[in-house]
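Residue-level listing of the chains:
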Amino acid sequence: MQDAADTTDQPRRDISRYAVPLGIIAFCAWAYWLSTQFDRVPPILKRGMQPEDFPQLVIGLIIMLSVWLLFRDTSAAPERLTKMVQMTMGLLIGFLLVAEIDLFLGLGLFAGSLAALWGERRFWAVFLVGLITPIAVFFLFDGVFEVRFPRGLLTNLWYG
Amino acid sequence: MDAAILNGLLALADPHLLMLIFVATLGGVLVGALPGLNATTGVALLLPFTITMEPIPAIAILTTIYCAATFAGAITAILINTPGTSASATTCLDGYPLAQRGEAGRALGMAAVSSTIGGIISVVCLMAAAPLMARAAYNFAPPEYFALTVFGLSMLATIGDGSPVKNILSGAFGVLVATVGIDLLTSIERFTFGMNELSEGIPFVPVMIGVFGISELLVQADNLHVERKQVIMKAIKLPSRDDYSRVWKTILRSSGIGTFIGILPAEGATVASMIGYNEAKRWSKKPEEFGKGSLEGIAGSEAANNSATGGAMVPTLALGIPGSPTAAVILAGLMVHGLRPGPTMFTEQADFAFAIFWSMMLVNIIFFFIGLWGAKIFARVTLIPIQVLWPIVFIFSIVGAYALEQSMMDVWIAIGSGILGFFMRRHGFSVVPMAIGLILGGMLETRLGQSMVMLDEKWWLMLTRPLSLFFFVLTVLALFGPTIWGRFFKQRSPLKSTGE
């Protein structure tokens, strides 16, 4: 029993120990390639640096630090993402999709679903975050701050 | 300068502005007391609300939130053993044991008094030091500014409890993100993928909202099981004469420490409170009481973290280098309002600068009274279920991100930054250096480009200029000093930063 407990308590060491620095290096390689595609200014108009010089300098620094992490970082890998976090992220992606139809429809659905997902069972609380708050925020920003929200299924009811 | 000090004070005579500062103080205390929210997140979320305002009320609101939220962290630290902000983590060590002994009121009274004194001392230092620093920096040429900005970024290594290499990497990533858009020196587009929305670069505000607000929402998804129980409190008690005689030296010492730490680029209230607490314990006649309910512990921590707020504004306003993570968001706010922090602020916008200083002074007085009479009510807000709180925070975050440019692209940027920030935090990369790198990136590149023009593309000539060399030496010390120090001396402090 003791052994089993000890094993579970040990920090997880998985592929992310190497995947994170390697992922950063791969991203940097891509960014470096992109930077080689920038237009260049003729030498006579050049003011100190070409447009790719500074990004390439920073990319070089990031790669150096990532290589250091690859060989010297001894920190344990984080725990696996919990189901709750995964579902919350799923809701975020769902929000982005619904927001294309109507921003406030997306906000209301996301807020209400998030409250329910996180365990809120009182109807008034879900109603408050899913309906009352988005409506109040819409009229606050539209009326007081004069923000024009993107037209959509619900906002068209107000904008006509 | 005298006229500017007076004009700044007169600007506060506007009843509308006074009312705004009062409401913002209440809001700041609320933000500091709410679980998961801190001064940085609060300022980032409030920033879009200030866009339509005049610069003085807009920035006064942001600095008010900063000061009030830093203080309010103590309320939850003492009553529910959960620091409202990481800067109050050390306040838990003595505040909660005192509260459990039925002396919550006394602990909160001490926190309010030491926070107020610390805050006022730091604002006085700010009023004296910022113009002096600005005057010293007035003759800086681009190489000196470049070296100073590099030094500011190097200080990111010590933010939070993450590895210095990961912090610098995160800061460098922020600088890289800042290169997106049209290059100011050559007018050539970079990393825009043909999207017009990106030609002016990645906007600060949605990124701030994402990395501080939305990433925290994902962190909170793992904290649903945390139960918060409030200690019963009868009434707040002001410290007695005996208490004052025991703690006055601690308050003064911690205020000095906090102001100094705040002035250092990137170091904020969290580091200040830890050092303030440690020094209070080291100098105390009764160090054995620390951790068991020592009033000196509360005073040491609270005076230091509140005095760091004024200190952090010194380099922010005088040099354009943020003195803390929250100051970095305020710096973004200054830029959004078209203000140019730096030496010229004290010649061209001196009235504005002193109005901000006076408003910070006022906040420290207001939150003293709010702390004394309102703590009981504010402590109750910590019991708001996060199932209700965070969906509402999300709605404000998204609408705030959209409102600035009224662009859906900013909503995508906020969500993307939030998810990225969450994964960065999971893998031990602090998001604060990334945010500061994003803000300072443009400045860094412009000054390097100007230096190259000035020095005829011979960058090494920067090392022949005494001030640039001085800042580069400081940079090397900031990056490698702790390692060298650690090799030769045993580390004494058992406390670790929780990051801001």
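Please read all numbers here as calculations on a predicted model, not as lab measurements. (Residues numbered from 1 in each chain as written. Chains lettered and ligands numbered in written order. Predicted model: local features only at pLDDT ≥ 70, side-chain atom pairs only at ≥ 80, totals over all residues. Heavy atoms only, no water.)

Draft legend 1. Structural view of the overall build of chain A. For chain A, the helix and strand inventory stands at seven helices and zero strands. Walking chain A from its N terminus toward its C terminus, one meets helices and strands in the order α-α-α-α-α-α-α. Since a compact globule built from 160 residues should have a radius of gyration of about 15 Å, the 25 Å found for chain A marks it as more spread out than a globular shape. If one aligns the C-alpha atoms of chain A with their principal axes, the spans along those axes are about 70 × 55 × 25 Å. Counting only residues that meet the buried cut, chain A has 40% of its 160 residues in that class. (Helix = DSSP H or I, 4+ residues; strand = E, 2+ residues; numbered from the N terminus. Rg over C-alpha atoms; globule rule 2.2 N^0.38 Å. Buried < 20%, exposed > 50% of the residue type's maximum accessible area, 1.4 Å probe, protein only.)

Draft legend 2. Fine view of a nonpolar patch on the surface. The grouping of Phe123(A), Phe127(A), Leu131(A), Ile132(A), Ile135(A), Phe139(A) and Trp158(A) at the surface amounts to a nonpolar patch, some 720 Å² of accessible area in total. Top element by residues in the nonpolar patch is helix H6 (residues 123-144) of chain A. It accounts for six residues. (Patch = residues over 30% accessible without salt bridge, like charges linked within 9 Å, V, L, I, M, F, W, Y side chains within 5 Å. Areas by Shrake-Rupley, 256 points an atom, 1.4 Å probe, with all protein chains shown as cover. Salt bridge = Lys/Arg side-chain N within 4 Å of Asp/Glu carboxyl O.)

Draft legend 3. Focus on the state of the cysteines. All names here are of chain B. Within the structure shown, the criterion is met by zero disulfides over all chains. Between Cys67, a cysteine without a disulfide, and Cys125, which holds the nearest cysteine sulfur, the sulfur-to-sulfur distance is 14 Å. What makes Cys125 partly exposed here is its relative accessible area of 31%. (Disulfide = S-S within 2.5 Å.)

Draft legend 4. Broad picture of the domain arrangement of chain A. Taken domain by domain, chain A consists of domain 1 (2-72) and domain 2 (83-159). Here the C-alpha centroids of domain 1 of chain A and domain 2 of chain A sit 36 Å apart. (Domains from an automatic or database assignment.)

Draft legend 5. Spatial organisation of the UniProt feature "domain: DUF1468" (unreviewed entry) in chain A. Per the UniProt entry, the sites bearing "domain: DUF1468" (unreviewed entry) are residues 19-150 of chain A in this numbering. Annotated as 71% helix and 0% strand, the span residues 19-150 of chain A places its first and last C-alpha atoms 39 Å apart. (UniProt positions renumbered as here; feature names shortened; annotations may be inferred.)

Draft legend 6. Molecular detail of the interface of chain B and chain A. At the interface, 59 residues of chain B touch 69 residues of chain A. Together, the buried faces of chain B and chain A total about 5600 Å²; carbon and sulfur atoms form 83% of this surface. At the junction of chain B and chain A, the tally comes to one salt bridge. At the boundary of chain B and chain A, one finds eight residue pairs in polar contact (both at pLDDT 80 or more). At the level of elements, helix H8 (164-177), strand E2 (189-190), helix H9 (204-220), helix H16 (386-405), helix H17 (408-426) and helix H18 (431-454) of chain B are the ones that each hand at least two residues to the side of chain B that touches chain A. In terms of residue count, H16(B) provides more of the side of chain B that touches chain A than any other element does, 13 residues in total. Of the residues in the side of chain B that touches chain A, the class split is 42 nonpolar, nine polar and eight charged. (Contact = heavy atoms within 4.5 Å. Buried area = accessible area lost by both parts, 1.4 Å probe. Polar contact = N/O pair within 3.5 Å; in protein donor to acceptor, adjacent residues only side chain to side chain. Nonpolar A, V, L, I, M, F, W, Y, C, P; charged D, E, K, R; others polar.)

Draft legend 7. Inspection of the environment of Asn364(B) at higher detail. All names here are of chain B. Inspection of the secondary structure assignment puts Asn364 in helix H15 (residues 350-381). When the C-alpha positions of Asn364 and Ile120 are compared, they lie 6.4 Å apart, and in sequence the two are 244 residues distant. Those residues in contact with Asn364 that lie beyond four places of it in its chain are Ser115, Thr116, Gly119, Ile120 and Val123. Here the side chain of Asn364 touches Met360 through a polar contact of 2.7 Å, landing on its backbone oxygen.

Draft legend 8. Fine view of the packing of aromatic side chains. A complete count under the given rule lists 30 aromatic pairs over all chains for this structure. Arranged with centres 5.9 Å apart and planes meeting at 10 degrees, the rings of Trp30(A) and Phe193(B) form a pair that is stacked. Of this pair, Trp30(A) sits in helix H2 (residues 16-36) while Phe193(B) sits in the loop between E2 and H9, which puts the two residues in different chains. Taking the relative accessible area as the measure of exposure, Trp30(A) reaches 42% and is therefore partly exposed. Taken together through their ring pairs, the aromatic side chains of Phe104(A), Phe138(A), Phe139(A), Phe149(A), Trp158(A), Tyr159(A) and Tyr402(B) make up a single cluster. The ring centre of Tyr159(A) lies 3.9 Å from the NZ or CZ of Arg148(A), which sits over that ring. (Phe/Tyr/Trp six-rings, centres within 6.5 Å; stacked < 30°, edge-to-face > 60°. Lys NZ or Arg CZ within 6 Å of the ring centre and 35° of its normal.)

Draft legend 9. Representation of unusual backbone geometry in the model. All names here are of chain B. In this structure, Phe193 takes a positive phi of about 50 degrees despite not being glycine. Positive phi outside glycine occurs at Glu457, with the angle close to 65 degrees. Relative to the elements of secondary structure, Glu457 occurs in the loop between H18 and helix H19 (466-488). We classify Glu457 as partly exposed; its relative accessible area is 36%.

Draft legend 10. Summary view of the nonpolar core. Of all hydrophobic cores here, the largest spans 192 residues; its most connected members are Phe95(A), Leu103(A), Phe149(A), Phe346(B) and Phe394(B). Of all the elements, H15(B) adds the most residues to this core, at 18 residues. Among the domains, domain 1 (2-72) and domain 2 (83-159) of chain A are the pair contributing at least three residues each to this core. If you look at the next biggest cluster of nonpolar residues, it comprises eight residues, including Ala87(B), Val271(B), Ala272(B) and Ala304(B). (Core = buried A, V, L, I, M, F, W, Y, C linked by side-chain atoms within 4.5 Å.)

Draft legend 11. Region of interest: the side chain of Thr63(B). Turning to its location among the elements, Thr63(B) is positioned in helix H4 (residues 55-80). If sequence neighbours within four positions are ignored, Thr63(B) has contacts with Met313(B), Ile330(B), Ile356(B), Ser359(B) and Met360(B).

Draft legend 12. A look at the pattern of salt bridges. Counted by the stated rule, this structure contains 14 salt bridges over all chains. For Arg122(A), the salt bridge identified is with Glu120(A), shortest N-O distance 2.8 Å. When its relative accessible area of 6% is taken as the criterion, Glu120(A) is described as buried. Arg246(B) is the partner of Glu296(B) in a salt bridge, and the nearest nitrogen-oxygen pair spans 3.8 Å. Note that Glu296(B) is positioned in helix H12 (residues 295-318) and Arg246(B) in helix H10 (residues 241-263), a separation of 50 residues in sequence. Taking the relative accessible area as the measure of exposure, Arg246(B) reaches 32% and is therefore partly exposed.

Draft legend 13. Molecular detail of H18(B). Residue and element names in this part refer to chain B. For H18, with 24 residues, the first-to-last C-alpha span of 34 Å sits near the 34 Å given by 1.5 Å per residue. When the local axis directions of H18 are compared, the greatest deviation, roughly 45 degrees, occurs at Leu440. Across the 24 residues of H18, 19 count as buried, placing the element largely inside the fold. The N-cap residue of H18 is Ser430: its side-chain oxygen and the backbone nitrogen of Val432 are 3.2 Å apart. Downstream of H18 by one or two residues, Asp456 has phi in the positive range, about 60 degrees. (Expected span 1.5 Å × (residues − 1). Bend = angle between axes of the 7 residues up to and from the residue.)

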